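# Survey of secondary and tertiary structure
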Amino acid sequence: MKKLIIIAVFLLFTGLSLTAQKNSKSFLNIDYKEMEKFAKNQPEDFTALIHRFNSGDTTLTDMEVAKIYYGSYFSADYSYKEASSELRDLLKSKSYKPALEQCKKELEKSPCSLDLLLKAFICTSNLGESVALYSTQIEQIVGVIFSSGDGQTENTALKVLEVSDEYCIIYGILNLN
């Protein structure tokens, strides 16, 4: 399990270091009112972006991923949740196949949950399946979060939707314990 996290961190930082160099001191403008307006007033466009994200589309721009991540919070069709206790229990017992199925169900309603995406990554890896989809999605969301600020001041704080995302980044991705 620790090897998987280290591999995931390596893959993510490879992409994130390029994003950080590209965006040095130029952050994505995350306007929550605009994200809300997009998700609520353009549901067809929002749903189309979600479908592209769910298919692992690597051509999504940072702003499109930002609209997906931050907009999902405001969408009536999606909720933002971390893993259920049922899913956590399946993972504790290393029942990866049923855990992955449960993960997929939960991702239908919470497609941008870092907690769920990390758990899906772990399940697919332990089942010997391709992790490309979940790796891409995690990299895209974490890339947008890291592009939202540098965390050095209150004005340049990293913008996350839920505290659980902070924990996923600190413990699951950066592996800081």
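A short tour of the structure in this document, coming up.

About the criteria used
Counting of residues starts from 1 at the beginning of each chain's written sequence and follows it residue by residue. Only residues with pLDDT of at least 70 are given local features in this predicted model, and only at 80 or more are side-chain atom pairs given and counted; all residues enter the totals for whole chains, interfaces and linings. Only hydrogens and water are set aside when side-chain values are computed; all heavy atoms of the structure are taken into account. Runs of E in the DSSP output that reach at least two residues are strands. Runs of H or I that reach at least four are helices, and both are numbered from the N terminus. Whether two residues touch is decided by their heavy atoms; if any such pair falls within 4.5 Å, the residues are in contact. Where accessible areas are quoted, they stem from the Shrake-Rupley method and a 1.4 Å probe; at the residue level, only the protein chains shown are allowed to cover. Salt bridges are defined by distance alone: a side-chain nitrogen of Lys or Arg within 4 Å of a carboxyl oxygen of Asp or Glu. Exposure is judged per residue with a 1.4 Å probe applied to protein chains only, and the accessible area is read against the type maximum: over 50% gives exposed, under 20% gives buried, and values in between give partly exposed. A patch consists of residues whose relative accessible area exceeds 30% and which take part in no salt bridge; residues with like charges are grouped when within 9 Å of each other, and nonpolar side chains (Val, Leu, Ile, Met, Phe, Trp, Tyr) when within 5 Å.

A word on the overall build of the protein. Looking only at helices and strands, one finds nine helices and zero strands in the protein. Counting helices and strands in the order they occur from the N terminus, the protein gives α-α-α-α-α-α-α-α-α. The long-range share in the protein, meaning contacts at least 24 apart out of those at least 6 apart in sequence, stands at 69%. As displayed, the protein offers around 9600 Å² of accessible surface, 54% of which is attributable to carbon and sulfur atoms.

Now for the pattern of salt bridges. For the structure on display, the rule yields five salt bridges. One salt bridge connects Arg52 with Asp57, and the closest N-O pair in it is separated by 2.7 Å. Among the residues examined, Arg52 registers a relative accessible area of 27% and is labelled partly exposed. Glu64 is the salt-bridge partner of Arg52, the closest N and O atoms lying 3.3 Å from each other. Of the two residues, Arg52 is situated in helix α3 (residues 43-54) and Glu64 in helix α4 (residues 62-72); the sequence distance between them amounts to 12 residues. For Glu64, a relative accessible area of 22% gives the class partly exposed. Via salt bridges that share partners, Arg52, Asp57 and Glu64 belong to a single interconnected network.

The grouping of Val163, Tyr167, Ile170 and Tyr171 at the surface amounts to a nonpolar patch, some 370 Å² of accessible area in total. Counting through the fold element by element, Ile170 comes out in helix α9 (residues 163-173). Here Ile170 falls in the partly exposed class, since its relative accessible area comes to 33%.

What follows concerns the side chain of Ser148. Residue position: Ser148 is located in the loop between α8 (132-147) and α9. Given the relative accessible area of 2%, Ser148 is considered buried. Setting aside its immediate chain neighbours within four residues, Ser148 contacts Phe27, Leu28, Ile30, Tyr70, Ala157, Leu158 and Lys159.

Keep in mind these numbers describe shape, not what the thing actually does.
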